[in-house]
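# Survey of secondary and tertiary structure
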Amino acid sequence: MLRTKSGSRAEMDMTSGPILPNILLFSAPLILSSILQLLYNAADIIVVGRFAGAEALAAVGSTSSLVNLLVNLFIGLSAGASVTIARCYGAGDYKAANRGVSTAISLALTAGVLVMAVGFFGARQFLTWMGTPDNVLEGSSLYLKIFFLGMPFNMLYNYGAAVMRAVGDTKRPLYYLTFSGIVNLLLNLLLVIVFRMSVAGVAIATVTSQVISCALVLRHLIRTDSPLKLDWRHLGFDPWQLKTILIIGLPAGLQSILFSLSNVLIQSSVNSFGSDAMAGNAASSSVEGFVYAAMNALHHAALTFSSQNVGARKPERVQRTLWICLGVVTAVGLGLGFLLLSFGRPLLALYNADPEVIRFGMMRMSIILPTYFLCGIMDTMVGQLRGVGFTILPMVVSLLGACALRIVWIMTVFAANPSTTTLYISYPISWFVTLVVHFICYMFLSPKKLAILKTEAA
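Below or above, wherever it landed, is the structure these notes cover.

Parameters and conventions
Residues numbered from 1 in each chain as written. Predicted model: local features only at pLDDT ≥ 70, side-chain atom pairs only at ≥ 80, totals over all residues. Heavy atoms only, no water. Helix = DSSP H or I, 4+ residues; strand = E, 2+ residues; numbered from the N terminus. Rg over C-alpha atoms; globule rule 2.2 N^0.38 Å. Buried < 20%, exposed > 50% of the residue type's maximum accessible area, 1.4 Å probe, protein only. Contact = heavy atoms within 4.5 Å. Axes fitted to C-alpha atoms, helices over the stretch in contact; angles between N-to-C directions. Parallel < 35°, antiparallel > 145°, perpendicular 65-115°, else oblique. Left-handed = near helix turned anticlockwise from the far one by under 90°. Nonpolar A, V, L, I, M, F, W, Y, C, P; charged D, E, K, R; others polar. Salt bridge = Lys/Arg side-chain N within 4 Å of Asp/Glu carboxyl O.

## Examining the overall build of the chain
When its secondary structure is counted, the chain shows 17 helices and zero strands. For the chain, whose C-alpha radius of gyration is 21 Å, the value lies close to the compact-globule estimate of 23 Å for 458 residues. Across the 458 residues in the chain, those meeting the buried criterion constitute 60%. Sequence separation of at least 24 residues holds for 85% of the intrachain contacts in the chain that already meet a minimum separation of 6.

As structure tokens, then:
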């Protein structure tokens, strides 16, 4: 029998009580989970960079933009599942929430197998199209082939965690990542240092940790008696839930693909400067990821809190959620950005001590970290817009403000002055333009949407 909201201490009712403390309680485990995941990913890069060399570091680090391009459509669909389940949960419709869980897990399995096939068989060709240097191509291709074999487990974990976030449970994914990440780190040390397996060892360790985290999430969903309970006998696609997930999630996924596409173009441009630039870019991206992880938690907070309160017909809490999340994400982005920048050189040296690699890494960090809070504000606005019910708008704005603007920048400004500095400046410019347009759209369009909620509540 399914519990109600109050039946599980790990779940959170976001439709009542103080908003700021609840947002912090929701976000803190999510931030720690993301940071732990990044620490383990950083350990991958550090171990391979220190013990297998700059070329191996470039081989592993240069694959992230391609991986994101292939998986972000389906990760976006997981956001659609989270919003759908959160709304049902906020409205007290627990049977619908449970059908959403079965649909989400079925979608994760389908997506995982599809991405695994495309990624495994297309890895080398994709890397060739990106202009990956010959001395890095073999290692990058091997890493990707092994990595994509674990994609079904990766998708199941991400969708399972999204389901749990929908009802405010961000603690259990933190515990699961802690355990699986320790396994990942130990396997890295064993396979890369002891058995000298280089990029293959890192890939095997990553896939193993994904299998473990996936198993732990599924174990919880199967055993719980909350509205999240997963029954394998009822696994399948509920037509209404699937339609709702696709309506919300497809634009989110397409938006993520647009960002990834522009990042692939930037990575291809970085590749033209050689393996040292690629290694410095990879190390800097890894460090910057800690700031993004903290800020991205506020994106999920805005998305989930606004979704539950839309379901509960409480427009005043929807508005307060936005302002609180914007304030917190700005403070987090600025604070962490300048803190990490002040320790930039020693942090980069952890990945690779080559002065040339560090020089390239500092070029990127000096531009990205002081302005990264703009990306946090942009993402928080996207989360709020989706939570309120605007699904196409964020995608269109991102298409013009992020993807198109960066492509134009690469073809014009960068082409006229081809340097890594010119390339990286495109990031803060595109963030600022996109967040301003998102904010204007929200301020003009949301009052009517929230007025309807107020009428329905009355």
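The discussion continues.
## Notes on the packing of helix α10 (residues 275-311) against helix α14 (residues 372-388)
Where α10 contacts α14, the two axes come as close as 8 Å, and the packing angle between them is 20°. Relative to α14, the element α10 lies roughly parallel. Crossing angle aside, the handedness with which α10 passes α14 is right-handed. Within the contact between the two elements, α10 uses Glu-288, Val-291, Tyr-292, Met-295, Asn-296, Leu-298, His-299, Ala-302, Leu-303, Ser-306, Ser-307 and Val-310 and α14 uses Tyr-372, Phe-373, Cys-375, Gly-376, Asp-379, Thr-380, Val-382, Gly-383, Gln-384, Arg-386, Gly-387 and Val-388. When grouped by side-chain class, the residues that make up the contact of α10 with α14 number 12 nonpolar, nine polar and three charged.

## Thoughts on the packing of helix α4 (residues 94-129) against helix α5 (residues 134-149)
At a closest axis distance of 8 Å, the pairing of α4 and α5 adopts a crossing angle of 170°. Classified by the angle their axes make, α4 and α5 are roughly antiparallel. Touching Val-115, Met-116, Gly-119, Phe-120, Ala-123, Arg-124, Leu-127 and Thr-128 of α4 are Leu-137, Glu-138, Ser-140, Ser-141, Leu-144, Lys-145, Phe-148 and Leu-149, all from α5. Tallied by class, residues from the contact of α4 with α5 come to nine nonpolar, four polar and three charged.

## What to know about unusual backbone geometry
For residues other than glycine, phi is negative in most cases, and the peptide bonds are mostly trans. Of note, the phi angle at Arg-196 is positive, near 55°, even though the residue is not glycine. Assignment of secondary structure puts Arg-196 in the loop between α7 (171-194) and α8 (198-223).

## Digging into the pattern of salt bridges
Evaluated as defined, the whole model comprises six salt bridges. Measuring nitrogen to oxygen at the nearest pair gives 2.9 Å for the salt bridge that ties Asp-231 to Arg-233. Relative accessible area serves as the criterion here: at 19%, Asp-231 is assigned to the buried category. Glu-356 is the partner of Arg-359 in a salt bridge, and the nearest nitrogen-oxygen pair spans 2.5 Å. Taken as a pair, Arg-359 and Glu-356 lie in helix α13 (residues 355-368) at a separation of three residues, close to a single helical turn.

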